[in-house]
Amino acid sequence: GAVVSQHPSRVICKSGTSVKIECRSLDFQATTMFWYRQFPKQSLMLMATSNEGSKATYEQGVEKDKFLINHASLTLSTLTVTSAHPEDSSFYICSAMTSVETQYFGPGTRLLVL
Amino acid sequence: RKEVEQDPGPFNVPEGATVAFNCTYSNSASQSFFWYRQDCRKEPKLLMSVYSSGNEDGRFTAQLNRASQYISLLIRDSKLSDSATYLCVVGTGRRALTFGSGTRLQVQP
C-alpha cells in the first residue's frame, strides 16, 4: 500500500510552546489529507480536513487558531499546535487520500505537554 | 447516538476460535466501509474494505447489509497475532472517515 510518514514520532514540550507535526505522502500525491487525534482508550476523532492550496476545514470544537494546518504541496501537510497545554497531549495521526479515495495513515505523533 | 457503534469488547478467545464483530452506522448516505486494525500505540492499518456482496480475505470475512446499516467481520482460526483492536470505519464520499470506538480482541494460547 501507499506510504505516509509523520515527523516527529514523539515529542515532549513545555506548556506554552508550539509544536509542528509534518505529514508526508511518500509515493503518491494527496490533494486531501486529514488530521485525527486519539486520546487513550478512545477512537480516532477527526480534527480537520486539509486540502492542498486552500484553507483547512475544521471539525466542530476544534480551534483553528490553536491547531494551524498548512497544506502547501501535494505531498505535505503540517499541523502546528500553538501554545500547547497538557490537555493537548495526545496521539496525532494524519492520513492521506489517494486518487481512488483510499486513506492511508501515518505512523502517528505522540505529543506530551508538560 | 454515535455515528458508528461497535461491540464494546474486549473479546478473549482461545487460539483457533472463530470470532465475530458487529458494527452499525447511522448515516444512510455512507458509501464506503472498512475494517481497520490498530495495534497498541500504533496507527490504524487497513484490514479490508467491505462490500455489499461480502468479501473474504483468507481467514477474514466481511459482510455489509445496507438495509440494516450493519457491518460484520468474522475471523476464523484465530492466531495470537490477531490480538489487536478492530475498528469499524465508514466513509462518505471524499470526506474523512468516521471511526467506531473499536473492539479489542485478545487471542490466548
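All of the points below concern the structure found in this document. Since this is a predicted model, take the numbers as computed values, not measurements. (Residues numbered from 1 in each chain as written. Chains lettered and ligands numbered in written order. Predicted model: local features only at pLDDT ≥ 70, side-chain atom pairs only at ≥ 80, totals over all residues. Heavy atoms only, no water.)

1. A few points about the interface of chain B and chain A
Here's step 1: The interface is formed by 16 residues belonging to chain B together with 20 residues belonging to chain A.
Here's step 2: Summed over both partners, the interface of chain B with chain A comes to about 1,500 Å²; 52% of that surface belongs to carbon and sulfur atoms.
Here's step 3: The interface formed by chain B and chain A contains 0 salt bridges.
Here's step 4: Linking chain B with chain A are 5 residue pairs in polar contact (both at pLDDT 80 or more).
Here's step 5: The set of elements that each furnish at least two residues to the side of chain B that touches chain A consists of strand 4 (32–38) and strand 5 (44–49) of chain B. (Contact = heavy atoms within 4.5 Å. Buried area = accessible area lost by both parts, 1.4 Å probe. Salt bridge = Lys/Arg side-chain N within 4 Å of Asp/Glu carboxyl O. Polar contact = N/O pair within 3.5 Å; in protein donor to acceptor, adjacent residues only side chain to side chain. Helix = DSSP H or I, 4+ residues; strand = E, 2+ residues; numbered from the N terminus.)

2. Some details on the sheet that holds strand 7 (residues 60–65) of chain B
Note: strands within a sheet are paired through backbone hydrogen bonds, in either parallel or antiparallel orientation.
All names here are of chain B.
Here's step 1: Ordered by their spatial adjacency, 5 strands build an open sheet running 1-3-8-7-6, and the pairing between neighbours is antiparallel. Each edge of the open sheet is held by one strand with a lone partner, namely strand 1 (4–6) and strand 6 (55–57). Between one strand axis and the next, the sheet turns through 15° on average, direction left out of account. (Pairing = 2+ DSSP bridges. Axes fitted to C-alpha atoms, helices over the stretch in contact; angles between N-to-C directions.)

3. Section: the state of the cysteines
Two cysteines joined by a covalent bond between their sulfur atoms form a disulfide.
Here's step 1: This model, assessed by the stated rule, comprises 2 disulfides over all chains.
Here's step 2: Two residues, Cys23(A) and Cys94(A), share a disulfide whose sulfurs are 2.0 Å apart. Every disulfide takes its handedness from the sign of the S-S torsion; for Cys23(A) and Cys94(A) that torsion is 80°, giving right-handed. Of this pair, Cys23(A) sits in strand 3 (residues 19–25) while Cys94(A) sits in strand 9 (residues 90–97), and the two are 71 residues apart along the sequence. When sorted by exposure, Cys23(A) lands in the same class as Cys94(A), which is buried.
Here's step 3: Across a sulfur-sulfur distance of 1.9 Å, Cys23(B) and Cys88(B) are joined as a disulfide pair. Its S-S torsion of approximately -75° makes the covalent link between Cys23(B) and Cys88(B) left-handed. Note that Cys23(B) is positioned in strand 3 (residues 19–25) and Cys88(B) in strand 9 (residues 84–91), a separation of 65 residues in sequence.
Here's step 4: Given a relative accessible area of 2%, Cys23(B) falls into the buried group.
Here's step 5: Summary of cysteine pairing: Cys40(B) is not part of a disulfide, and the nearest cysteine sulfur, belonging to Cys94(A), is at 20 Å. (Disulfide = S-S within 2.5 Å. Buried < 20%, exposed > 50% of the residue type's maximum accessible area, 1.4 Å probe, protein only.)

Don't take any of this as a statement about function, it's just geometry.
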